[in-house]
Structures are given as C-alpha cells and as structure tokens.
Amino acid sequence: MGPDEISRTVEKKYPDFLHKEKKIQEHRLPDLRNVTGKVVMRMAPSPSGPLHVGHSRLAILNDEYVKRYGGELILRIEDTNPANIDPNAYEQIPKDLEWLGVNSTQIVIQSDRMDLYYNEARNLIKLGFAYLCTCETEDFKKKLSKSIACPHRSVSPEENLKQFEKVLNGEYAPGEAVLIVKTQLDHPNPSVRDWIAFRISEANHPRYGHKYRFYPMMNFSVAVDDHLLGLTHVIRGKDHINNTERQKYIFLYNNWELPEYYHYGLVDFPQVVLKTSIIKKGIADGTYTGWDDIRLGSLMTFRKRGFSPETFRRYWIESGMREIDSEFSIEIFYAMNKELIDPETRRLFFVPDPVKIKLNGSPELNPVIQNHPSNRELGSRTYNLGLEPEVFVPKADWDSISEGEEFRLKDLCNVKKTQDRTEFISMEPSGKRVKIIQWCPKNSHEFRIMKPDGVVDHGVMEPQGKEFRGVAQLERYAYANILSSNEAYFTHK
RNA sequence: GCUCCGAUGGUGUAGUCCGGCCAAGCAUUUCGGCCUUUCGAGCCGACGACCCGGGUCCAAAUCCCGGUCGGAGCACCA
C-alpha cells in the first residue's frame, strides 16, 4: 500500500480519525447562584465622565446575565458626590451603553432619591444603629484603628435624631459632622468598622443646585437602593469587596434579604489613560482634543476608531467573572475585532511616506481592483492610468528593494527596479514569488492617520478613498476609520 | 501594619467546587508552510504552562499544611 492508498483507506474506514473534529470551545459565563425566575441586576457608574473600556466589562456582564435569565437591568447613576459630576455624563452614559448594545430597562438617578436615603438614615438612628459624629477626622480615625468608641457613639437615638435634622437645616459646615453607621468596633477588618454614611457638601449639584447639603456616601445609598430596587444579583469589581461587607450591615439591621454578590478581578490597562481627573485636566489644557482623543480609552474613542461593539462583548465574556486580576490584552482584543469586521471591510490603498516612481515601458494600464478579496458584494474600482504612468509607493518598501529586483504592484503589474525608476515586466504575475506592495495613482490626495500612541502617519490615499467613510483595510498598512477626505483614526493592524 | 483574595504557556482563558476521560483544551502572539483574484488577509502546522516545598491517596492542576509572589481595601470618592 502506498501512502495515498493508505490515506484513502483510512479516510473511507475511519473518517473521524482524519478529521478530528475541531473543538470550538465557546466561552460561556458560569451560571449564577440562586436564580429563581427573573433576575434584577444593575450597573452603577458615577457620572464623572463618559464610560471607558473598564466600565464596559460591568455593563456587558450584567447585560449577558439579564439576557440569559430574563429580568431587569437597571442603570443607576450614582451622583451623590456633587463635587465630582460631569453634567454631560447623564446624557453620554446611556449613549455609550446603547452603542455597546446594553439595554437598561430602567434608569435611576440617585440624586432624585435623597428623601429615601434620609428616611432610612432616620430609621437607623431610631434603631440605634447610626449616630452623628462631630469628632475631628484624624481623631476619629485614630480611635477606630484602636477599636475605641468616640463619645458620640453612645448618644441616645432621640438626641441623634435632633442633631440629624440640624445638619439637614444647615447648622453645620462641611467637615463638622458626619452620620456614622455602627458595625463592630472590634471587627478584625479595620475597613469594616463604623463607617461614614453621610457627609456635608456645599458643592453645587448640577441637577439640584444647593437643595441638599447632606449627601449619602456610596456605601449607604448603594445598600438602600439595592434593596429598594429589588436587586437579586450584584456583579462588580473586586475593589468593592470590603464595601460589600460594609453594606451588609444595612441589610442586617433591616432584616432585608441579601442579593448574591460577585466580584470580578481587577483589570490593568497598560498605557491607556482612563482616569477622569487626568483626562479632564488634559482636555482643559489642550493636551487632548476631547473625550474621544485617539490616545484615550473611552468608549467614544473606540467607537471613533471604528471598533465593533461586539468585540467588547466577546472579550469580556471570554474574561469571565473570576476574582483573578489580569492585564487587558489589547492584542487579543484587536484580533477579535479584526475577525468581526474583516469580512465586510473594503480595501483601499494608502501609501505612507510616499515616493513617486515611473513605470517605464508600460502599456496603457487600466486596472480593475476588487474591494475585497472574497466578498464580491463590496464591488471593485477602476483606474485609467494611461501609458507609462507615475505612481506612489511606500518609501520603506522602495528602499528595501534592491537594484534590478522584480516586484509587483498589487493588482497592477510586475516591474523591475532600476535606479530611481522601474521597468515594466508584465501585467500578469510572473509566477515567481516576488514582493507585492500597494501603490497609489499620481492624482492621489494627501492623507493622515492618527495613531493611539499620538503619532501621526502622513501619506497619500488613492482617489476613490476620497468619498469613503468608515472602516477600511488599508492594505499592508492597517485598518483605519476614515473620518474625512484627509484624515482617519487608526483602528489596529 | 491590619483584613481579605488570588496564582495554568509571552498574553487572555478552560479545567479546580464533586481527585482519575488532563502526558492539560481554546484563543492570541511568535515561527514555519500553503495560497498565481497575488493582502501585514485567509488556510495548515509547530514551539510554549499547572508558583515552590511537604502531606493524603492506587491516583493531585484539582484536597490539606507551610512558604513565595502578586492584588484589593483600610477616604467626609465611587
């Protein structure tokens, strides 16, 4: 039996052996604990700016589970720190989520719910689980670290209630009084001991101005809302683990049923600026062009770079929900996006750092170029270059070709380099394996591409790219989102 | 310092709860090959990992103990 015969026999008798089934392992998020019927989940960003890639994980994970089990996904905007609110965020956050394909069924804004928080505060005071404290901050912290109660901790509920109303009425200045939730002073974890539930702020609130001055801290408003909104499952970052422990006391004191909590690991985004304070400063001083500056990691930026929102979903589903910290793999993220967009992304020629060369001895050249190698629906384009035309090619490629070497101008013709020009060889590929490079006609226009590292690549774009908008694969260069006749945002290689 | 958490190839993950089908799967990167509608595309292939040391067990990535390393929190931010 010769080799061919063997393989034919094997093929016939044991087809499974040759075609070992390609196991396509689909990443699937684990099931949630304790699901009885529909779930109620939430995502709760603070409106300090637009959403960035980090927020997208929270949004996608919650959205995925609500889609799996059915139920509600609440967008809760946590604007209880008036000093750190970007008024535009109220509008932008829902837009960012819509782009991601995350559908919230209800939007809740915490500043609309101040009375609910005040009522719960009064309730806890009455039950003896909360007290007003007017200690110096440092003094209070020091005592807490040594598990020592401050004098206010033993004040009667009646007296505390009076004090509470005084604070609401403006009889204390910022820093002079806080409301504290009692937990356990001897709790082994110092960060869980008596924690601050309300503090005074006189900052102007974009939605309510100076109507309120005693604002709940996140741990308080979150606990109250998670209960009142009927949350069944809470998914959020690992940085909230200790907050969860604190919030559980509010549930305990009210005998409320706890949601199931999940905390996913922290993700490090190397070399991406995400911090809103830095971005705001950078926009103000002109370092950045805006929230969608190519160097930033906002969803607005990714959108402007032409990413598919589906890429975020795939990436975060693959990342799962484990409590392991990880590094955001931009490499894998790019690869996922490429796989999604490539089948319907047209090709164009962009020549960075162009040099003009003459095609000596060529006939009339009228190339017809497919806009996509396999997707016929994207059509083709034609150029009438005439006899012995001049074209642009990338300088780096030109310099790497040696004297007398044959190479091919893609979809045009084969030529040979001779000093500062080329000699025509043939229209058809010669069959030899030669370097193939992209080119642009003489009447191409100037074009620049903004890259995420802040570098701008200059070059020329073929004439038929002038009207095109959207993501294109600039052959042999990269994918880019063409924003105007002379500028694009770099997507990825 | 205190409390808690984690550790699978360069990177992201599957498997860990309920030990055996795991001489560890998938993806990406890198490398090699194929591809005359010629791509930095696509297809095929290769390299590459269970943090360390003990213990339990016929059997450990998986259970137990001890280290090491890494992370989070300890805000009048969220």
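So, here's what we can say about the structure.

Analysis parameters
Along each chain, numbering runs from 1 in the same order as the chain's sequence is written. All chains are assigned letters beginning with A, and all ligands numbers beginning with 1, in the order in which they are written. A pLDDT threshold of at least 70 governs which residues receive local features in this predicted model, and a stricter bar of 80 or more applies before side-chain atom pairs are shown or counted, although totals over entire chains, interfaces and linings include all residues. Processing note: side-chain calculations cover all non-hydrogen atoms of the structure and skip hydrogens and water entirely. Every helix listed is a DSSP run of H or I at least four residues long, and every strand listed is a run of E at least two residues long, numbered separately from the N terminus. Summary of the burial criterion: residues with accessible area below 20% of their type's maximum are buried, those above 50% are exposed, and those between are partly exposed, where the area comes from a 1.4 Å probe applied to protein chains only. The contact criterion used is simple: two residues touch if any of their non-hydrogen atoms lie within 4.5 Å. We call a residue near a molecule or strand when any one of its heavy atoms sits within 4 Å of it. For the purposes of these results, a polar contact is taken to be a pair of N or O atoms within 3.5 Å, where, inside protein, one atom must be able to donate a hydrogen and its partner to accept one; residues adjacent in sequence count only when each atom of the pair is a side-chain atom. Any residue outside Ala, Val, Leu, Ile, Met, Phe, Trp, Tyr, Cys, Pro, Asp, Glu, Lys and Arg is labelled polar, Gly included; the first ten of those are nonpolar and the last four are charged. Note that a disulfide, as used here, is simply two cysteine sulfur atoms within 2.5 Å. Two kinds of site are reported from a 1 Å grid over the protein atoms alone, namely cavities, where a 1.4 Å probe fits but cannot get out, and pockets, open sets with protein on both sides within 12 Å along at least five of seven lines, and residues are called lining when an atom falls within 4 Å of a point. Grid points are joined across faces, edges and corners, and a volume is the space filled by probe spheres set on the points. The rule for a salt bridge is simple: a side-chain nitrogen of Lys or Arg has to be within 4 Å of a carboxyl oxygen of Asp or Glu. Only when DSSP finds a minimum of two bridges between them are two strands counted as paired. Fitted lines through C-alpha atoms give the axes, limited to the stretch in contact for helices. The angle between two N-to-C directions lies from 0 to 180 degrees. The definition of a nonpolar core used throughout is a set of buried Ala, Val, Leu, Ile, Met, Phe, Trp, Tyr and Cys residues joined through side-chain atoms within 4.5 Å.

Its place among the elements puts Ile-250 in helix α9 (residues 241-254). Using a relative accessible area of 0% as the deciding quantity, one classes Ile-250 as buried. Separated by 31 residues in sequence, Ile-250 and Asn-219 place their C-alpha atoms 9.3 Å apart. Setting aside its immediate chain neighbours within four residues, Ile-250 contacts Glu-120, Leu-124, Val-181, Trp-195, Phe-220, Ala-223 and Trp-256.

The next point concerns the protein's contact with RNA strand B. Around RNA strand B lies a shell of 52 residues, among which Asp-325, Pro-373, Arg-408, Ile-436 and Arg-476 are the nearest. In the environment of RNA strand B, a base nitrogen lies 2.9 Å from a nitrogen or oxygen atom belonging to the side chain of Glu-318. Ser-326 places a side-chain nitrogen or oxygen 3.2 Å from a phosphate oxygen of RNA strand B. Elements that contribute at least two residues to the surface near RNA strand B include exactly α6 (137-145), β6 (195-200), α9, α12 (309-319), β11 (326-327) and α13 (330-341). By residue number, the principal contributor to the surface near RNA strand B is α13, which donates three residues. Class assignment of the residues belonging to the surface near RNA strand B gives a composition of 14 nonpolar, 18 polar and 20 charged.

Attention now moves to the state of the cysteines. If you walk through the whole model with that rule in mind, you get zero disulfides. Not part of a disulfide, Cys-133 finds its nearest cysteine sulfur in Cys-135, a span of 3.6 Å. Cysteine Cys-150 shares no disulfide, and the gap to the nearest cysteine sulfur, in Cys-133, comes to 3.8 Å.

Before going further, it helps to spend a moment on the layout of surface pockets. Here the largest pocket defines a volume of roughly 810 Å³. If you go around the largest pocket, you meet 28 residues; those closest to its centre are His-52, His-55, Asp-239, His-240 and Tyr-264. Broken down by secondary-structure element, the contributors of at least two residues to the lining of the largest pocket are α3 (53-69), α8 (218-228), β8 (233-237) and α10 (276-284). When residues of the lining of the largest pocket are assigned to their parent elements, the largest contribution, four residues, is made by α3. Tallied by class, the residues present in the lining of the largest pocket amount to twelve nonpolar, ten polar and six charged.

The subject of this paragraph is the pattern of salt bridges. For the structure shown, the criterion picks out 29 salt bridges. Notably, a salt bridge pairs Asp-139 with Lys-143, separated by 3.5 Å at the nearest N-O pair. On the criterion of helical spacing, the pair formed by Asp-139 and Lys-143 is a turn pair, its members being four residues apart in helix α6. Of the residues examined, Asp-139 reaches a relative accessible area of 33% and is grouped as partly exposed. On the basis of relative accessibility, which here comes to 22%, the residue Lys-143 falls in the partly exposed class. Of the charged contacts in the structure, one is a salt bridge between Lys-248 and Glu-245, with a shortest N-O distance of 3.3 Å. In this pair, Lys-248 and Glu-245 are both assigned in helix α9, three residues apart and thus about one turn of the helix distant.

A few words on the pairing of strand β4 (residues 130-133). Regular strands show a simple pattern: their side chains alternate between the two faces of the sheet. Across the two faces of β4 the burial is the same, with Ala-130 and Leu-132 and Tyr-131 and Cys-133 all buried. Two strands pair when backbone bridges link them, and β4 and strand β5 (residues 178-181) are joined in this way by four bridges, in the antiparallel orientation. Looking at β5, one finds that Leu-132 is bridged to Leu-179.

We now examine the pairing of β5. Burial of the side chains of β5 extends over both faces: Val-178 and Ile-180 are buried on one face and Leu-179 and Val-181 on the other. Relative to β6, β5 runs antiparallel, the two sharing four bridges. The residue of β6 that forms the bridge with Leu-179 is Phe-198.

What follows covers the sheet that holds strand β1 (residues 39-43). In spatial order, the strands read β1-β2-β3; together these three strands make up an open sheet with parallel pairing. Looking along the sheet, the strands with just one partner apiece sit at the ends: β1 and β3 (106-109). On average, each strand axis in the sheet is tilted by 25° relative to the strand beside it, whichever way the strands run. Direction of pairing for β1 relative to strand β2 (residues 71-77): parallel, over a ladder of five bridges. The residue bridging Met-43 from the neighbouring strand is Leu-75, located in β2. Contacts from α3 reach β1 and β2 within the one sheet, and its direction differs from that of β1 by about 165°.

Glancing now at the nonpolar core. Counting 42 residues, the largest nonpolar core has Phe-312 and Trp-316 as its most contacted members. The set of elements that each furnish at least two residues to this core consists of β1, α3, β2, α4 (89-100), β9 (260-264), α11 (299-304), α12 and α13. Among the elements that make up this core, the one with the highest residue count is α3 (seven residues). Aside from chain neighbours lying at most four places away, what touches Trp-316 is Val-53, Ser-56, Arg-57, Ile-60, Leu-61, Val-267, Phe-269 and Phe-328. In terms of nonpolar packing, the next biggest core, distinct from the first, is built from 37 residues, Ala-121, Ile-125, Phe-164 and Phe-251 among them.

This paragraph deals with the sheet that holds strand β13 (residues 350-352). Taken together, the seven strands give an open sheet; going across it, the order is β12-β25-β26-β27-β23-β24-β13, and neighbouring strands pair in mixed fashion. Only two strands of the sheet have a single neighbouring strand rather than two, namely β12 (347-348) and β13. In terms of strand pairing, strand β23 (residues 445-450) meets strand β27 (residues 487-492) through three bridges, oriented parallel. Opposite Ile-449, over in β27, you have Ala-488 as the bridge partner. Its contacts with the sheet put α13 on β25 (470-474), β26 (478-484) and β27, and the angle it makes with β27 is roughly 115°.

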